[in-house]
Amino acid sequence: MKCGDANMNERGTEERGSLQKTRSGLSLATVRKTLGRSGDRLFVYLVGLVALSTLMLVWLLVAFMISDSIESIEEFGFGYLTGRTWEEQKGVYGALPFIFGTLLTSAIAVAIGVPVSIGIAIYLSELAPAWIREPLSFVIELLAAIPSVIYGLWAMGALRPLLVNSVEPWLVKWFGWTPFFEGTPQGLDKLAAGLILAIMIIPTVASVSKEALRAVPDSQREAALSLGATRYETTRMAVLTYARSGIFGACILGLGRAFGETMAVTMTIGNSNAISWSLIDPGQTMASLIANRWGEAEGLQRASLIEIGVILFVIALLVNVFARLMLGRVLKSVHTTGGGL
Amino acid sequence: MENKIVTEGLNAYFGDVHAVKGVDLAIPANSITAIIGPSGCGKSTLIRCMNRMHEVVKDARVEGRVVIDGEDIYAPGSDAVEIRRKVGMVFQKPNPFPTMSIYDNVVAGLRLNGERDWKRLDAAVERSLKLAALWEEVKGQLDASGVSISGGQQQRLCIARALAVEPEVLLLDEPCSALDPIATAKIEDLLFDLKNNFTIVIVTHNMQQAARISDFTAFMYLGELVEFGITKDLFENPKEELTEKYITGRFG
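Residues numbered from 1 in each chain as written. Chains lettered and ligands numbered in written order. Predicted model: local features only at pLDDT ≥ 70, side-chain atom pairs only at ≥ 80, totals over all residues.

## Describing the confidence of the model for chain A
Residues and elements named next belong to chain A.
Inference 1: Summary statistics for chain A give a mean pLDDT of 86 and a share of 86% for residues scoring 70 or more.
Inference 2: Contacts from residues 1-22, a stretch scored under 50 in pLDDT, to residues over four places away or in other chains number 19 contacts.
Inference 3: Contacts for the low-pLDDT stretch residues 333-341, under 50 throughout, to residues beyond four places or in other chains number 23 contacts. (pLDDT = per-residue confidence, 0-100. Contact = placed C-beta atoms within 7 Å.)

Listed below in structure tokens is the structure:
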């Protein structure tokens, strides 16, 4: 509208009367007169260039990661994936403890976060009255907007005392005989990181699952109800089974988010490079290692860190592509929040 | 003839919309009763009141009585789940469970009732599919998905699924509207065979279908029951002018 007015002033006042009558129609006509076909083409090129530049950006990113990690790739080869040491003095680096840490914390996150998310999704889609559904959905999606450093702060300040004083001593007492709960409770460990990741993936998994459930046609619910199914049985036999690929996709999407999350994990995991199955021992993920070491890393260690980045990038990419394939049209109706990459 | 379903002063609403207005109707046992009328006249809502499926829709409510075998299904303490096991329903569009095999679709209701004995399940599958005139066509592919068969076969699968729990009443809501004439004819033949053992209520917008298969016909208009009677009488000598206009196609 402003643009149209500006053109009008330049072109004199003879058309002002008709401008007042049909403002939008005329401003478009004026733009056409001023710029003509070539202006339209310019517009297409300009917008297209901006859009295509994202492809360029991805290419630059990949090119940087490969070129700057090549030293490490050439030095360690595939052995890098199974190397267990990360020692600056010896100049030996291996990614296994961090791949292990990422997989283990993400597994904890999925094991805790997914059942909670599916419960939320079932409640929102199948059971909640409309006046609860809308505000609750909004709040859950809002959780995804909280910066991860805030989650990290909360975990260190509020979750850690709870873990150290109550949860972990209890776990050690009853399950200390298993390899998963050996050691002394510290509150900054894989359990803490896994728990915070569980909370962080809930918004994504719950809202995408909810959309998958809402995409189930009512005729399916009616089929089950008319056979004499209760509400629980209807949900189980008609709704969850119908939506299972969408829910699975939602879980994979959550997994992708857990893999890449950096800040909250770095703040809670305790940052130890040892491989230990005990959840109450500190650990390290690929993302937290990069965040911890980048500042002082040079030479081969820098290249090795970037190679960790390459591995994380590839894993996250594959997981996301897989999730999106699983989700198909379910995803089109929701806006998902990106991972922590 | 004994009446299986009796509605007394039945009113049904969707929020503020009054969809069924004071319907009194007595449906005889072991017969086919057709409910006809123009779109939006409340005929589907009426039969959905007979197995308490109306109330699953948001903001829907029912007033009045629906008495089946002498018991008001809307009486306090009456259990909708129990009623739906006794009054089966087939819907407009075939809705087999897509993640289940043909076999599992048929026994879905029995499994809900806790039946685990595979011999009895096998027997129920064969019996129900034979009743639904589908056995010969699918007996070699019982493990195939419920949606791998044609639309007409899917609808007969849904009929088999409803019959497997041995209901006493079968409600059909325009079951042939999504089907071609050959599939429709098969379903009509099958309903004709079933009426000896079941009480059948079928909603249809197809007057020829009502005339062909039903013993009794109810004509509804704007939520009210205009006329109910023996099908032959209603089509040949309608008592109400509105009915005559509708069945002769001089409407509106």
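## Concerning the sheet that holds strand β4 (residues 60-68) of chain B
Inference 1: Pairing within the open sheet is antiparallel, and its four strands lie in the order β2-β1-β4-β5 (chain B). Only two strands of the sheet have a single partner each, and these edge strands are β2 (17-28) and β5 (71-72) of chain B. (Pairing = 2+ DSSP bridges. Helix = DSSP H or I, 4+ residues; strand = E, 2+ residues; numbered from the N terminus.)

## Some words on the domain arrangement of chain A
Residues and elements named next belong to chain A.
Inference 1: Along its sequence, chain A is carved into domain 1 (2-76) and domain 2 (79-332).
Inference 2: Contacts between the two partners involve eight residues from domain 1, matched on the other side by 12 residues from domain 2.
Inference 3: Among the residues forming the side of domain 1 that touches domain 2, the class breakdown is three nonpolar, two polar and three charged. (Domains from an automatic or database assignment. Nonpolar A, V, L, I, M, F, W, Y, C, P; charged D, E, K, R; others polar.)

## A word on unusual backbone geometry
With the exception of glycine, most residues fall at negative phi, and the peptide bonds are largely trans.
Residues and elements named next belong to chain B.
Inference 1: Phi is positive for E174, close to 45°, though the residue is something other than glycine.
Inference 2: Within the secondary structure, E174 sits in the loop between β7 (169-173) and α7 (181-194).
Inference 3: Within the chain, L222 stands out as a residue other than glycine whose phi angle is a positive 50°.
Inference 4: Note that L222 resides in the loop between β9 (216-221) and β10 (224-230).

## Describing the environment of R156 of chain B
Residue and element names in this part refer to chain B.
Inference 1: For R156, the location among the structural elements is in helix α6 (residues 151-164).
Inference 2: In the structure, R156 is positioned 16 residues away from G140 in sequence and 16 Å away in space, judged by C-alpha atoms.
Inference 3: If near-sequence neighbours (up to four positions away) are discounted, R156 is found in contact with A132, A133, L134 and I187.

## Re the sheet that holds strand β6 (residues 87-90) of chain B
Residue and element names in this part refer to chain B.
Inference 1: Strand order across the open sheet formed by six strands is β6-β7-β8-β3-β9-β10, with mixed pairing between neighbours. In this open sheet, the two strands that pair with only one neighbour each are β6 and β10. Ignoring which end each strand starts from, the neighbouring axes of this sheet average 15° apart.
Inference 2: Two strands pair when backbone bridges link them, and β7 and strand β8 (residues 199-203) are joined in this way by five bridges, in the parallel orientation. Among the inter-strand pairings, L171 is bridged to a residue of β8, identified as V201.
Inference 3: Strands β6 and β7 of the sheet are contacted by α6, whose axis makes an angle of about 170° with β6. (Axes fitted to C-alpha atoms, helices over the stretch in contact; angles between N-to-C directions.)

## Let's talk about the pairing of β6 of chain B
All names here are of chain B.
Inference 1: What you see with β6 is no split at all: V87 and M89 on one side and G88 and V90 on the other are buried throughout.
Inference 2: Inspection of the sheet shows β6 paired to β7 by four bridges, in the parallel sense. Looking across to β7, one finds that V87 is bridged to V169. (Buried ≥ 20, exposed ≤ 12 C-beta atoms within 10 Å, placed from the backbone.)

## Here we look at helix α5 (residues 96-127) of chain A
Inference 1: End to end, α5 of chain A covers 45 Å across 32 residues, agreeing with the expected 46 Å (1.5 Å per residue, within 8%).
Inference 2: Approximately 30° is the largest bend angle found in α5 of chain A, and it occurs at G113 of chain A, with the proline P115 of chain A only one to four residues beyond. (Expected span 1.5 Å × (residues − 1). Bend = angle between axes of the 7 residues up to and from the residue.)

## What about the confidence of the model for chain B?
Inference 1: When the pLDDT values of chain B are averaged, the result is 92; 99% of them are 70 or greater.
Inference 2: Per the prediction output, this complex has pTM 0.82; the corresponding ipTM is 0.91.

## Description of the interface of chain B and chain A
Inference 1: Taken residue by residue, the interface counts 19 residues in chain B and 15 residues in chain A.
Inference 2: When contributions to the side of chain B that touches chain A are tallied by element, the ones reaching two or more residues are α2 (80-86), β6 and α3 (102-112) of chain B.
Inference 3: Its residues placed into classes, the side of chain B that touches chain A shows 10 nonpolar, five polar and four charged.

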